[in-house]
Every structure is written in C-alpha cells, then in structure tokens.
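Results of the structural survey
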Amino acid sequence: MDWRQHAHRLADQVTHPGSRWREAVAKTPRHLLVPAWWRPGADGWTACRGSSDEENWLRHTYADQTLVTRIGKLHADDAAEGQTASGRPTSSSTLPGLVLNMFRHARIGTGDRVLDVGTGSGYGTALLCRLLGDDRVTTIDVERRLVEVAAERLAELGHRPGMVNADATTPLPGEYDRIVATVAVRPIPAAWLAALPTGGRFATTITDTSLIVTGVKTPDGGATGVVERDWAMFMTTRTGTDYPPRLAAQVAAARVAEGDNVTTARFPILNLLDAWEIRSMLEVNVPGIEHVHTEEDGVRTALMVHDDGSWARAESAGGQPATVHQGGPRRLWEELDRVRDHWLQHGALPLYGAEVTVSPDGTIHLRRGRWSASIG
C-alpha cells in the first residue's frame, strides 16, 4: 500500500514548508492508527472498515478531517462493515490540522515533557513522539481499551510513549512542561496546575464553547493567559465509558409545551450549533444549555433546555417573526437576546482575546475592558 504520497499531500495541506511538524505528518501512517471509523448520515452512523476498500481508506485517513471511532460504547473496530449505530461520539481521530493547531497554541519546544490529554486513536501522540522522542511524551485517556489499542498500534510504528489509563481531571502521574488537550474541560483541572512547574503551559478548550484557553503556571499555583483569537470545539471529558443521558425528556416536553411566557422574537432564529461565538458567550453566562435546531416543512424551530427546568422554544414559518415560548425558573431566550444585543451594540463579543486568570482550584476568570466573567 503506497500511503506515503497521501501522507505527504496531507503534510502539504496542514503545514508550511518550514514547519517543525511537516516531517512528522509526512512520515506518520495515520491509516494504521485508524483502521475503522463511523461515517455520519441522516439516520445515524455507519461503520466503515479500511480493509474492505483500500483507496477509500487512504482517501479518508489522509484528509484533514475528524474520523469518529467510537459511538457510545461501540468502537468501530468492533463493528461490521455497514453496521449502523446511534448515540454520541465518545472518541475520534481529530482532524490533523486542528491537532497541530493545539500543539502550536501549547508552544511545545524541543526537550519539553508533554502530556497529551485524550489519546483517541493515538495519531496526535505519534506526531509528538516523532518530534520530541518517546521519553518526552505521555498520553492519557479515561477509556482503558482506547489506551491499550493505541499502545499496540503505536508500538507497531516504533513508538513507546508513556500510556496512562485514568481520568485526566484527577491527580496525574509526573510533572509536565506542556499539557495539551483535544478534549474540553470546565473548569481547568486543578490536577493540571499541580502537574505543571512554574512557567509550564497548558492549551485546552472550555466545555460546550469554542474557546481555546492557554495559560502559564504562576508561582501562586494558578495561571495567567488568554482566550486565543482562534476557535475549536471538542468532546468533553467524561468519567465513564459513555456520556450521561442528554435531556431527552425535557426536549420532548419543550417541543409541545405552552409557555408561561409567550412573546414574539426580536431576532431571527439562529442555529446555535453553528453560531459558535454566540453559543460560547451564552454558555459562559448560562452553562449547561442543550440546543436542538430543526427545519421541516418550512418551519424553523429552536429549542433550549436546561437541567434546572428552564426551557425555550422558538418557531418561525415562512420567514415570519418567531413565536417564543418559555418556562421554568430562567428565561433562556432572553439570555440569548442579551448576548445578541451586546454583539449588535459593540460589533463583537468580548470573548476572544480576553485576559485569563486561573485560580489554583481551576476557576477561570475572564476580563476584557470593563467586561468580566468567571467559569467554574
């Protein structure tokens, strides 16, 4: 199998000619780390096996795209070609360009000891090993089988980094100069701060937002940094083999309930699953909202539900102003309106470029001009 030309083409796409990462991408056989994956579709996920179609295998694994490798508790390795599944992705091989972007935000230098949070397929770990050497790299994942399989496949490529099966938000084995995560957290785990020396650096994203936060460990045990003028969204950390159930019952109820507050929307309905900046600001203000957006038979519907019992439903047909129903202790649609008002008044939201201060317990304090917020 001539995979090298595909890997070189990927390196051309995700690195520049002088990049330190160029050779690592060009010489890492990603297809051997991702022999199977799940393809998304209208009716769920379908299993694909590289061995059944070699050209398709190379085309997918050397594209700059994320390949989902696990749905719920079912890994693509264990599924038959064409088998279908439903549920939430629980592991993936992140698109290579984004992996490298997170590495750049971490400012990884020669000789740094790096903790790679979120082993997944092991592809990012392989790139780190090629740049730094195996003895400088440790990778951690909460799922034992993911760690074991990644370790076997990395060994077949000649890499033997430190492999840890543990919850990355709990105390960590060892000390690291850089911690870089391709999973999202909220707040910054205190365990990360404890494992960094003064001057050590982390790069991560905040759960359910597109905010990339970087920070440098300070002598008081906290950190200072910035919300990068960049964005990414990752799966969140978890403690078990799957994520807890979503708010399905609340979503079903919100679809048909008559609100105790009914108004006409001041703004058109947004798909907040795509409007990352506005969704991120809303998540900072009111964490934990679940969003559903549908467009059927000319009717656009947006649902928001929260585990405190708050909910909102906005419906618009034929481009007419949306009718908004709300219930529960908080008015979620009004919270969204406040974010959009700020955006219109100032021309932007204050998130990207905000100064970051992290307390030793991991609480994130954001400040930009007169605006401030805390994420705990």
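Note: the structure precedes this text.
A brief look at the structure comes next. Note that the structure is predicted; figures quoted are calculated from it, not measured.

Applying the stated criterion across every chain yields a total of two cavities of 30 Å³ or more. Taken as a whole, the largest cavity encloses approximately 100 Å³ of empty space. Per-class residue counts for the lining of the largest cavity are six nonpolar, four polar and three charged. Taken as a whole, the second largest cavity encloses approximately 70 Å³ of empty space. What lines the second largest cavity is L270, N271, L272, L273, H291, V292, H293, A302, L303, M304, W333 and L336.

This part covers the packing of aromatic side chains. For the coordinates displayed, the defined rule picks out three aromatic pairs. Relative to Y352, the ring of W231 lies with its centre 6.4 Å away and its plane at 65 degrees, an arrangement referred to as edge-to-face. In this pair, W231 sits in strand β13 (residues 223-231) while Y352 sits in the loop between α11 (332-346) and β19 (355-358), placing the two residues 121 residues apart along the sequence. Its guanidinium or amino end placed over the ring of Y123, R30 lies 5.4 Å from that ring's centre, counting from NZ or CZ. The ring centre of Y243 lies 5.9 Å from the NZ or CZ of R238, which sits over that ring.

Evaluated as defined, the whole model comprises 19 salt bridges. Put simply, R145 and D78 hold a salt bridge, and the shortest N to O gap is 2.7 Å. Here R145, found in helix α7 (residues 144-156), pairs with D78, found in the loop between β4 (74-75) and β5 (84-85); they are 67 residues apart in sequence, far enough to count as distant. Connected via shared salt-bridge partners are R70, E143 and R238.

Spatial strand order, β14-β18-β17-β16-β15: five strands in an open sheet with antiparallel pairing. Edge strands, defined here as strands with exactly one partner in the open sheet, are β14 (261-264) and β15 (290-296). Sheet twist, expressed as the average angle between the axes of neighbouring strands with direction ignored, equals 15 degrees. Bridge analysis of β15 against strand β16 (residues 299-305) gives seven bridges, and the strand direction is antiparallel. Among the inter-strand pairings, E290 is bridged to a residue of β16, identified as V305. Across the sheet, helix α9 (residues 248-256) touches β15, β16 and β17 (311-317), and the angle it forms with β16 is around 135 degrees.

Now for helix α1 (residues 4-14). All of the buried residues in α1 are H6, A7, L10, A11 and V14. In a view along the axis of α1, the buried residues occupy a sector of 140 degrees, so they form one face of it. Close packing links the buried residues of α1 with α2 (22-26), α4 (54-61), α5 (96-106) and α6 (123-132).

Turning next to the nonpolar core. Counting 54 residues, the largest nonpolar core has W192, F202 and W333 as its most contacted members. Here this core spans two domains, and each of domain 1 (3-39 + 94-231) and domain 2 (248-346) adds at least three residues to it. Excluding residues that lie within four positions of it along the chain, F202 makes contacts with I179, I188, W192, L193, L196, V213, T214, G215, A223 and V358.

This part is about the packing of α5 against α6. Geometrically, a packed helix pair is captured by the angle between its two axes and the distance between the axes. Contact geometry for α5 and α6: axes closest at 10 Å, N-to-C directions at 50 degrees. The pairing of α5 with α6 is recorded here as oblique in orientation. Between α5 and α6 lies a crossing of right-handed hand. Across from P96, V99, L100 and F103 in α5, the residues of α6 making contact are Y123, G124, L127 and L128.

Most of strand β12 (residues 211-217) is tucked away: six of the seven residues are buried. Where strand β11 (residues 201-206) and β12 come together, five bridges link them in antiparallel fashion. Residue pairing across strands places T204 opposite V213, the latter belonging to β12. Connecting the antiparallel pair β11 and β12 is a turn made up of four residues, with D208 showing a positive phi of about 65 degrees. As paired strands, β12 and β13 are joined by six bridges and run antiparallel to one another. Note that in β13 the partner of L211 across the bridge is W231. Counting the residues in the hairpin turn of β12 and β13 gives five residues, including G221, whose phi is positive at 95 degrees.

Analysis parameters
Counting restarts for each chain: residues are numbered from 1 in the order of the written sequence. Per-residue local features are limited, in this predicted model, to residues with pLDDT of at least 70; the limit for side-chain atom pairs, both in listing and counting, is 80 or more; totals at the level of whole chains, interfaces and linings are taken over all residues. Just so you know, side-chain values use all the structure's heavy atoms and leave hydrogens and water out. For each structure, a 1 Å grid was placed over the protein atoms alone; sets of points admitting a 1.4 Å probe that cannot get out are labelled cavities, open sets with protein on both sides within 12 Å along at least five of seven lines are labelled pockets, and lining residues have an atom within 4 Å of a point. Grid points are joined across faces, edges and corners, and a volume is the space filled by probe spheres set on the points. Here the nonpolar group is Ala, Val, Leu, Ile, Met, Phe, Trp, Tyr, Cys and Pro; Asp, Glu, Lys and Arg are the charged ones; every other residue, Gly included, is treated as polar. Think of it this way: a Phe, Tyr or Trp ring, Trp meaning its six-membered ring, pairs with another when their centres are within 6.5 Å, and the plane angle makes it stacked under 30 degrees, edge-to-face over 60, tilted otherwise. Numbered from the N terminus, helices here are DSSP runs of H or I no shorter than four residues, and strands are runs of E no shorter than two. Two conditions define a charge located above a ring, namely a distance within 6 Å from the ring centre to NZ of Lys or CZ of Arg, and an angle within 35 degrees of the ring normal. Salt bridge, as applied in this entry: a Lys or Arg side-chain nitrogen positioned within 4 Å of an Asp or Glu carboxyl oxygen. Pairing between strands is defined by DSSP: at least two bridges between the two strands are required. Geometry is summarised by axes, namely lines fitted to C-alpha atoms with helices restricted to the contacting stretch, and by angles between N-to-C directions that run from 0 to 180 degrees. Note on contacts: a residue pair qualifies if any of its non-hydrogen atoms lie within 4.5 Å across the two residues. Here the term buried applies to any residue with accessible area under 20% of the maximum for its type, exposed to any over 50%, and partly exposed to those in between, with areas from a 1.4 Å probe on protein chains only. The arc under discussion is defined with respect to the helix axis, by the directions toward the C-beta atoms. In this text, buried Ala, Val, Leu, Ile, Met, Phe, Trp, Tyr and Cys residues form a nonpolar core when linked through side-chain atoms within 4.5 Å. Start and end positions for the domains come from either an automated domain assignment or a database one. The cut-offs work like this: below 35 degrees is roughly parallel, past 145 is roughly antiparallel, 65 to 115 is roughly perpendicular, and the gaps in between are oblique. Crossing handedness: left-handed means the near helix sits turned counterclockwise from the far one by under a right angle, and right-handed means the same turn made clockwise.

Take it as geometry only, folks, not as evidence of what the structure does.
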